[in-house]
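# Close look at the chain arrangement
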Amino acid sequence: MFAADIEANKEKLTAEIKGKKVCVIGGAGSIGSSFIKAVLRFEPQNVVVDLNENGLAESVRDVRSTEGLYVPDEFRCYTLNFAVPSSPVSSLARVVKRSSRN
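So, here is what we can say about the structure in this document. Remember, it's a predicted structure, so these values are computed and weren't measured experimentally. (Residues numbered from 1 in each chain as written. Predicted model: local features only at pLDDT ≥ 70, side-chain atom pairs only at ≥ 80, totals over all residues. Heavy atoms only, no water.)

Before going further, it helps to spend a moment on the sheet that holds strand S3 (residues 76-79). Reading across from one edge, S1-S2-S3 is the order of the 3 strands in this open sheet, with parallel pairing throughout. Sheet topology places strand S1 (21-25) and S3 at the edges, where each strand pairs with a single neighbour. Within this sheet the neighbouring strands show an average axis-to-axis angle of 15 degrees, counted without direction. Sheet strands touched by helix H4 (residues 53-65): strand S2 (45-50) and S3. Its angle to S3, the strand with the most contacts, is close to 165 degrees. (Pairing = 2+ DSSP bridges. Helix = DSSP H or I, 4+ residues; strand = E, 2+ residues; numbered from the N terminus. Axes fitted to C-alpha atoms, helices over the stretch in contact; angles between N-to-C directions. Contact = heavy atoms within 4.5 Å.)

In structure tokens form, the structure reads like this:
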């Protein structure tokens with residue numbers, strides 16, 4: 001969708017993203033999964049969060065089976081339901097903390 005913009009800014013995007021953690025909330029949806037594929041070209045470490053566990057599993061299969069797509073060793077997915085009363089902010093904080101241990 002933004003292919004021309006991405007290509008025009010490829011060097012800057014690489015400098016800003018390569019090796020850094022990118023947290024994608026809603027990563028199992030159509031926009032989130034497209035974003036993940038677009039950002040993986042710039043070699044980040046990814047953390048993906050969504051409430052749809054099956055969608056996350058399908059997204060991981062899709063990413064890992066896409067030929068030529070960079071998949072970091074630390075590509076992690078977590079299910080997190082923001083509708084559950086147990087503080088979603090603290091749940092997200094735990095996810096971020098767990099992903100930053102390495």
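There is more to say after this.
Here we come to the pairing of S2. The buried fraction of S2 amounts to 5 of the 6 residues, a majority that puts the element mostly inside the structure. A crossover connection joins S1 to the parallel S2 through helix H3 (residues 30-40); in handedness this β-α-β unit is right-handed. One ladder, built from 4 bridges, connects S2 with S3; its direction is parallel. Residue pairing for S3: Val 49 is matched across the bridge by Tyr 78. Once you follow S2 into H4 and on to S3, the crossover reads as right-handed. (Buried < 20%, exposed > 50% of the residue type's maximum accessible area, 1.4 Å probe, protein only. Right-handed = clockwise from strand over helix to strand, strands pointing away.)

Scanning all chains against the criterion turns up 4 salt bridges. Measuring nitrogen to oxygen at the nearest pair gives 3.9 Å for the salt bridge that ties Arg 41 to Glu 7. Here Arg 41 is found in the loop between H3 and S2, whereas its partner Glu 7 is found in helix H1 (residues 3-8), with 34 residues between them in sequence. Residue Arg 41 is classed as partly exposed on the basis of its relative accessible area of 44%. A residue is classified by how much of its surface remains accessible, and Glu 7, at 48% relative accessible area, is partly exposed. A salt bridge links Lys 37 to Asp 62, with the nearest nitrogen and oxygen atoms 3.0 Å apart. Of this pair, Lys 37 sits in helix H3 while Asp 62 sits in helix H4, and the two are 25 residues apart along the sequence. (Salt bridge = Lys/Arg side-chain N within 4 Å of Asp/Glu carboxyl O.)

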